[in-house]
Amino acid sequence: ATEDRLAKDLSQYFEMNAATQGQGPGRDRTYRVISLETLVQTPRRIFDDLVSWLGLPPSKEAAEAFEASVQADPNAKYFKHYCMYLMKGGDKHVQAHAHLVSQFGERVRAVEPTYDLALVPEMCKKTLIDGKPAVEPSEADLESEMEAEGLEPV
């Protein structure tokens, strides 16, 4: 029974994959990669892109409901707490962070090439002192992400 179910699931997957080949920009992929940061910062744009990619008709009501359901970064309070230690905790915490960077920096970059642990103190200053988001995607960054996925900018 398990093997039959697996065979059926695989068959449906390949049928679905074949059905999406060559039907519009980005439709030849069976997956999308979306960063949490981009989703939190531009939920409406991400929703509209996904709806388009799936070939579904746009829905203003669904887009508004999705946008309203997106929560702010759940890790922000932990990031702020860590930043406070880095900025006001003295040399001990700065050295501990440097050790963290040397131990895990390359592994983090292997998973997410744009995230550099060594820049965390700078991000802390930006968020705590300047009151700005740690990462702000530019229009060019968002358009590059869309182009990489084979989508037309909205």
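Presented here is a report on the structure given in the accompanying data block.

Let's talk about the nonpolar core
Argument step 1. Membership of the largest hydrophobic core is limited to six residues, which are C83, L86, L117, V120, M123 and C124.
Argument step 2. Counting residues per element, the ones that place at least two in this core are α5 (76-88) and α7 (120-129).
Argument step 3. Counting residues per element, this core draws most heavily on α7, at three residues.

Some points on the state of the cysteines
Argument step 1. Overall, the coordinates contain one disulfide when judged by the stated rule.
Argument step 2. Through a disulfide, C83 is tied to C124; the S-S separation comes to 2.0 Å. Given an S-S torsion of about -75 degrees, the disulfide between C83 and C124 has left-handed geometry. Residue C83 is located in helix α5, and its partner C124 is located in helix α7; the two are separated by 41 residues in the primary sequence. Of the two residues examined, C83 and C124, each falls in the buried class.

Observations concerning the pattern of salt bridges
Where charged atoms of side chains with opposite charge meet at close range, the side chains can pair.
Argument step 1. Following the criterion strictly, the structure yields three salt bridges and no others.
Argument step 2. Close ionic contact of D48 with R44 constitutes a salt bridge, the shortest N to O distance being 3.8 Å. With a gap of four residues between them, D48 and R44 both fall in helix α3 (residues 43-54), about one helical turn apart.
Argument step 3. In this structure D48 comes out as partly exposed when scored by relative accessible area, which is 28%.
Argument step 4. Residue R44 is classed as partly exposed on the basis of its relative accessible area, which comes to 26%.
Argument step 5. Across the pair D116 and R109 runs a salt bridge whose closest N-O atoms are separated by 3.7 Å.
Argument step 6. Through salt bridges with shared partners, a single ionic network connects R44, D48 and E67.

What to know about α7
Since the α-helix turns once every 3.6 residues, residues separated by three or four places project in the same direction.
Argument step 1. Those residues of α7 lying buried are V120, M123 and C124. Along the axis of α7, the buried residues cluster in a sector spanning 105 degrees; they form a single face. Opposite the buried face of α7, at more than 90 degrees from it, the exposed residues are E122 and I129.
Argument step 2. Contact partners of the buried residues in α7: α5 and α6 (91-111).
Argument step 3. Among the residues trailing α7, G131 stands out with phi positive, at a value near 70 degrees.

Reading the values: the criteria
Residues numbered from 1 in each chain as written. Predicted model: local features only at pLDDT ≥ 70, side-chain atom pairs only at ≥ 80, totals over all residues. Heavy atoms only, no water. Core = buried A, V, L, I, M, F, W, Y, C linked by side-chain atoms within 4.5 Å. Buried < 20%, exposed > 50% of the residue type's maximum accessible area, 1.4 Å probe, protein only. Helix = DSSP H or I, 4+ residues; strand = E, 2+ residues; numbered from the N terminus. Disulfide = S-S within 2.5 Å. Salt bridge = Lys/Arg side-chain N within 4 Å of Asp/Glu carboxyl O. Arc of directions from axis to C-beta. Contact = heavy atoms within 4.5 Å.

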